[in-house]
Amino acid sequence: MNISNNNVKLMGSHLDRRQKRNFVPLRMNLEKVFYILEAKVVLKPLQPKFLNFIQKGGAYCRYHQVNGHFIRECEALKNVIQDLINQEKIDLAEFDHQAAATSWPVTS
């Protein structure tokens, strides 16, 4: 099963929640990675599935464009980024360079 998001193919293996997926450690938080990929037009926010779900306040995920969880905790985004890494569509060295240049904290 393949699902497309922009130029990313999401592989069915991570959609099976029974399997534990190994993620490459990133040298910056998920939100910063998303903003970099969005600026490079590698990844874009999803369109909200349910417009009435959009609320003011609370935890907001820019990737999903809905309240409910913070982007830094977004499992779907984490999987999409890992898919991009596996498909060699993003260069981890670039993130290492930007993290070192801006002194962003190392997070997973």
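Undergrad: In this structure, what is going on with the nonpolar core? I would like to understand it.
TA: Generally speaking, soluble globular proteins have nonpolar side chains that are buried together. Residues Leu37, Tyr63, Leu77, Ile81 and Ile90 are the most contacted members of the largest nonpolar core, which totals 20 residues. Of all the secondary structure elements, the ones that give two or more residues to this core are helix H1 (30-39) and helix H2 (75-86). Setting aside its immediate chain neighbours within four residues, Leu77 contacts Leu30, Phe34, Leu43, Tyr63 and Ile71.

Undergrad: Just checking my understanding: could you explain the side chain of Asp83 for this structure?
TA: Inspection of the secondary structure puts Asp83 in helix H2. A distance of 2.7 Å separates the side chain of Asp83 from the side chain of Arg21, its partner in a polar contact.

Undergrad: Would you take a moment to explain the packing of H1 against H2 for this structure?
TA: Helix packing geometry: the angle between the two helix axes and the distance between the axes. Contact geometry of H1 with H2 gives a least axis separation of 11 Å together with a crossing angle of 55°. Between H1 and H2, the interaxial angle falls into the category oblique. For the element pair H1 and H2, the recorded crossing hand is left-handed. Each of Leu30, Val33, Phe34 and Leu37 in H1 lies in contact with H2, whose residues at this interface are Leu77, Lys78, Ile81 and Leu84. Of the residues belonging to the contact of H1 with H2, the class tally is seven nonpolar, no polar and one charged.

Undergrad: In this structure, what is going on with H2? I would like to understand it.
TA: Residues separated by three or four positions in an α-helix point in the same direction, a consequence of the helix having 3.6 residues per turn. Between its first and last C-alpha, H2 extends 16 Å over twelve residues, near the 16 Å set by a 1.5 Å rise per residue. In the segment just after H2, Glu88 is the residue with positive phi, at about 55°.

Undergrad: Looking at this structure, how should I read the confidence of the model for the chain?
TA: Do not read the fine detail of predicted coordinates wherever pLDDT is low. Residues of the chain with pLDDT of at least 70 account for 65%, and the chain-wide mean is 76. Between the elements of the chain, mean pLDDT differs from a low of 46, seen in strand E1 (residues 2-5), to a high of 94, seen in H2. Counting contacts from residues 103-108, a segment whose pLDDT is below 50, to residues more than four positions away or on other chains yields 15 contacts.

Undergrad: Even after reading the chapter, I still don't get the environment of Arg27, so can you show me in this structure?
TA: Locating Arg27 in the fold gives a position in the loop between strand E2 (8-11) and H1. Overall, Arg27 belongs to the partly exposed group, its relative accessible area being 35%. For the pair Arg27 and Phe95, spaced 68 residues apart in sequence, the C-alpha to C-alpha distance is 6.7 Å.

Undergrad: How do you make sense of the pattern of salt bridges when you look at a structure like this?
TA: Once the charged atoms of two side chains with opposite charge are near each other, the side chains can pair. Inspection of the entire model under this criterion finds two salt bridges. One salt bridge in this structure joins Arg21 and Asp83, with 2.7 Å as the shortest N-O distance. Residue Arg21 is found in the loop between E2 and H1, and its partner Asp83 is found in helix H2; the two are separated by 62 residues along the sequence. Among the ionic pairs, Glu38 bridges to Arg62, the shortest N-O distance being 2.7 Å. You can see Glu38 sitting in helix H1 and its partner Arg62 sitting in the loop between strand E3 (60-61) and strand E4 (66-67), a full 24 residues away along the chain.

Definitions and limits used
What you see as residue numbers is a count from 1 along each chain, following the sequence as written. With the structure being a predicted model, the display of local features is reserved for residues of pLDDT at least 70 and the display and counting of side-chain atom pairs for 80 or more, all residues being used for whole-chain, interface and lining totals. The side-chain quantities take in all heavy atoms of the structure and omit both hydrogens and water. We call a set of buried Ala, Val, Leu, Ile, Met, Phe, Trp, Tyr and Cys residues a nonpolar core when their side-chain atoms join them within 4.5 Å. Burial here depends on accessible area, computed with a 1.4 Å probe over protein chains only, as a share of the maximum for the residue type. Under 20% is buried, over 50% is exposed, and the range in between is partly exposed. Numbered from the N terminus, helices here are DSSP runs of H or I no shorter than four residues, and strands are runs of E no shorter than two. Only heavy atoms matter for contacts: two residues are in contact if any of them lie within 4.5 Å across the pair. As used in this structure description, the phrase polar contact means that two N or O atoms lie within 3.5 Å; if the pair is within protein, one of them must be able to donate a hydrogen and the other to accept it, and residues adjacent in sequence are counted only when both atoms belong to side chains. Here, axes are lines fitted to C-alpha atoms. For helices the fit covers the stretch in contact, and angles between N-to-C directions go from 0 to 180 degrees. By definition in this entry, angles of less than 35 degrees are roughly parallel, angles greater than 145 are roughly antiparallel, angles of 65 to 115 are roughly perpendicular, and the rest are oblique. Crossing handedness follows the turn of the near helix against the far one: under a right angle anticlockwise gives a left-handed crossing, and clockwise gives a right-handed one. Under the scheme applied, nonpolar residues are Ala, Val, Leu, Ile, Met, Phe, Trp, Tyr, Cys and Pro; charged residues are Asp, Glu, Lys and Arg; polar residues are all the others, including Gly. What a helix should span is 1.5 Å times the count of its residues minus one. For every residue, the predictor assigns a confidence score, pLDDT, that lies between 0 and 100. Each salt bridge in this description consists of a side-chain nitrogen of Lys or Arg and a carboxyl oxygen of Asp or Glu lying within 4 Å of one another.

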